[in-house]
Amino acid sequence: MNARRPEPPPARDLSYEQYSGRACVWCGAQLTSGAVAAGISRGKIGAVVLDIGVYACPLHANGPGVALDREA
Ligand SMILES: [Zn+2]
């Protein structure tokens, strides 16, 4: 089965660190090693396209679901 990863949040909802690829797009943790590409976060301000590749920590490699349950 091919697990579908959720789309990252829109670019305007990301912190600067997340937008810069320095923090996990799902939990905001600082990325040091083992970061994985999480997809493209999409956004636009007027005519300026903000689409950018974002990254996730290893816990959230497949999206926010499983790892967030574990953190509780
Ligand atoms: Zn994370």
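Just so you know, these numbers come straight off a predicted model, no measurement behind them.

Undergrad: What is the right way to read the environment of I45 from this model?
TA: Mapped onto the secondary structure, I45 falls in strand 2 (residues 44-45). A residue is classified by how much of its surface remains accessible, and I45, at 56% relative accessible area, is exposed. Distance from I45 to R12, taken between C-alpha atoms, is 8.6 Å for residues 33 residues apart in sequence.

Undergrad: I keep staring at the nonpolar core and nothing clicks. Help me out?
TA: In globular proteins that are soluble, nonpolar side chains generally tend to be buried together. Formed by L14, C24, V25, W26, L31, A38, V54, A56 and C57, the largest nonpolar core amounts to nine residues. Dropping the residues within four chain positions of it, W26 is found in contact with P6, E7, P8, P9, Q18, A38, A56, H60, G63 and P64.

Undergrad: What's the story with the coordination of the zinc ion in this structure? I'm lost.
TA: Coordination of the zinc ion by the protein involves C24 (SG), C27 (SG), C57 (SG) and H60 (ND1), with metal-donor separations of 1.8 to 2.4 Å. Around the zinc ion, the four donor atoms sit at angles spanning 102 to 117°, and that spread fits a shape best called tetrahedral. In primary-sequence terms, the residues that donate to the zinc ion follow C-x2-C-x29-C-x2-H. With a gap of 33 residues between them, C24 in the loop between helix 1 (16-19) and strand 1 (36-41) and C57 in the loop between strand 4 (52-56) and helix 2 (65-71) connect regions that are remote in the sequence. Just as C24 is buried, C57 falls in that class too.

Undergrad: Looking at this structure, I do not really get the pattern of salt bridges. What am I missing?
TA: Two side chains that carry opposite charge are able to pair once their charged atoms sit near each other. According to the stated counting rule, one finds two salt bridges in the structure shown. The partner of E17 in a salt bridge is R22, and the shortest N-O contact between them spans 3.5 Å. When its relative accessible area of 26% is taken as the criterion, E17 is described as partly exposed. On the accessibility criterion, R22 (41% relative accessible area) is partly exposed. The salt bridge partner of D51 is R42, with a shortest N-O separation of 3.2 Å. Residue class for D51 comes out partly exposed when judged on its relative accessible area of 35%. Judged by its relative accessible area of 44%, R42 falls in the partly exposed class.

Undergrad: Whenever I open this one, the side chain of Q18 confuses me. Can you help?
TA: Tracing the chain through its elements places Q18 in helix 1. We classify Q18 as buried; its relative accessible area is 11%. Among the polar contacts listed, one links the side chain of Q18 to the backbone nitrogen of S15, at a separation of 2.9 Å. Setting aside residues no more than four positions away along its own chain, Q18 makes contact with D13, A23, C24, V25, W26, G28 and V54.

The rules behind each value
Residues numbered from 1 in each chain as written. Predicted model: local features only at pLDDT ≥ 70, side-chain atom pairs only at ≥ 80, totals over all residues. Heavy atoms only, no water. Helix = DSSP H or I, 4+ residues; strand = E, 2+ residues; numbered from the N terminus. Buried < 20%, exposed > 50% of the residue type's maximum accessible area, 1.4 Å probe, protein only. Core = buried A, V, L, I, M, F, W, Y, C linked by side-chain atoms within 4.5 Å. Contact = heavy atoms within 4.5 Å. Donors = N, O, S within 2.8 Å, 3.2 Å for Na, K, Ca; no water. Tetrahedral: all angles 85-135°; square planar, octahedral: opposite > 155°, others 65-115°. Salt bridge = Lys/Arg side-chain N within 4 Å of Asp/Glu carboxyl O. Polar contact = N/O pair within 3.5 Å; in protein donor to acceptor, adjacent residues only side chain to side chain.

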